[in-house]
Amino acid sequence: MSSSGCTSHWSKKETVNIFKERSKGLAAIFETLGQFFYVGATAGNAIVAAPMIASYSVVSIILARIFLKEKLNWQQYTVITFIMVAIAILGFYDR
């Protein structure tokens with residue numbers, strides 16, 4: 001047994017050191033926060049929130065293009081443009 005940090009044994013007999021698994025803990029915390037925001041958004045106005053939440057992949061594509069220099073073809077740019085216009089229309093007509 002390790003003398004440093006908090007350790008625990010799971011059913012597979014693997015030793016887990018919580019302090020060395022910081023990235024997994026942060027991922028779990030952010031996932032939980034995301035679920036709370038999702039529930040709050042859909043409880044308020046699900047008709048607007050659902051398409052916006054479903055389009056989260058557009059953010060991933062844009063970030064991949066910027067930081068990872070991913071190549072996109074014209075069809076992908078067209079779809080991204082349509083999704084962004086649709087979100088803008090939803091926001092405009094929600095008032």
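One can find the structure itself at the top, above this paragraph.
Caption draft 1: Spotlight on the pattern of salt bridges. By the definition in use, this model includes one salt bridge. The salt bridge involving Glu-21 is made with Lys-24; its shortest N-O contact spans 3.3 Å.

Caption draft 2: Summary view of the packing of helix H2 (residues 56-67) against helix H3 (residues 74-93). One can describe the packing of H2 onto H3 by two numbers: an axis separation of 11 Å at closest approach and a directional angle of 130 degrees. Classified by the angle their axes make, H2 and H3 are oblique. The crossing of H2 and H3 is left-handed. Each of Val-58, Ile-61, Ile-62 and Arg-65 in H2 lies in contact with H3, whose residues at this interface are Tyr-77, Ile-80, Ile-83 and Met-84. Counted by class, the contact of H2 with H3 contains seven nonpolar, no polar and one charged residues.

Caption draft 3: Molecular detail of a nonpolar patch on the surface. There is a patch of nonpolar side chains on the surface, built from Val-59, Ile-62, Leu-63, Ile-66, Phe-67, Leu-68 and Met-84 and spanning about 690 Å² of accessible area. Within the secondary structure, Phe-67 sits in helix H2. Overall, the relative accessible area of 62% leaves Phe-67 in the exposed class.

Caption draft 4: Up close: H2. Taking 1.5 Å of rise per residue, twelve residues should cover 16 Å, and H2 covers 17 Å from first to last C-alpha, within 8% of that figure. In the stretch just after H2, Lys-69 is the one whose phi turns positive, near 60 degrees.

Caption draft 5: Up close: unusual backbone geometry. One non-glycine residue, Lys-69, lies in the positive phi region at around 60 degrees. Locating Lys-69 in the fold gives a position in the loop between H2 and H3. We classify Lys-69 as exposed; its relative accessible area is 56%.

Here is what the cut-offs are and how they apply
Residues numbered from 1 in each chain as written. Predicted model: local features only at pLDDT ≥ 70, side-chain atom pairs only at ≥ 80, totals over all residues. Heavy atoms only, no water. Salt bridge = Lys/Arg side-chain N within 4 Å of Asp/Glu carboxyl O. Axes fitted to C-alpha atoms, helices over the stretch in contact; angles between N-to-C directions. Helix = DSSP H or I, 4+ residues; strand = E, 2+ residues; numbered from the N terminus. Parallel < 35°, antiparallel > 145°, perpendicular 65-115°, else oblique. Left-handed = near helix turned anticlockwise from the far one by under 90°. Contact = heavy atoms within 4.5 Å. Nonpolar A, V, L, I, M, F, W, Y, C, P; charged D, E, K, R; others polar. Patch = residues over 30% accessible without salt bridge, like charges linked within 9 Å, V, L, I, M, F, W, Y side chains within 5 Å. Areas by Shrake-Rupley, 256 points an atom, 1.4 Å probe, with all protein chains shown as cover. Buried < 20%, exposed > 50% of the residue type's maximum accessible area, 1.4 Å probe, protein only. Expected span 1.5 Å × (residues − 1).

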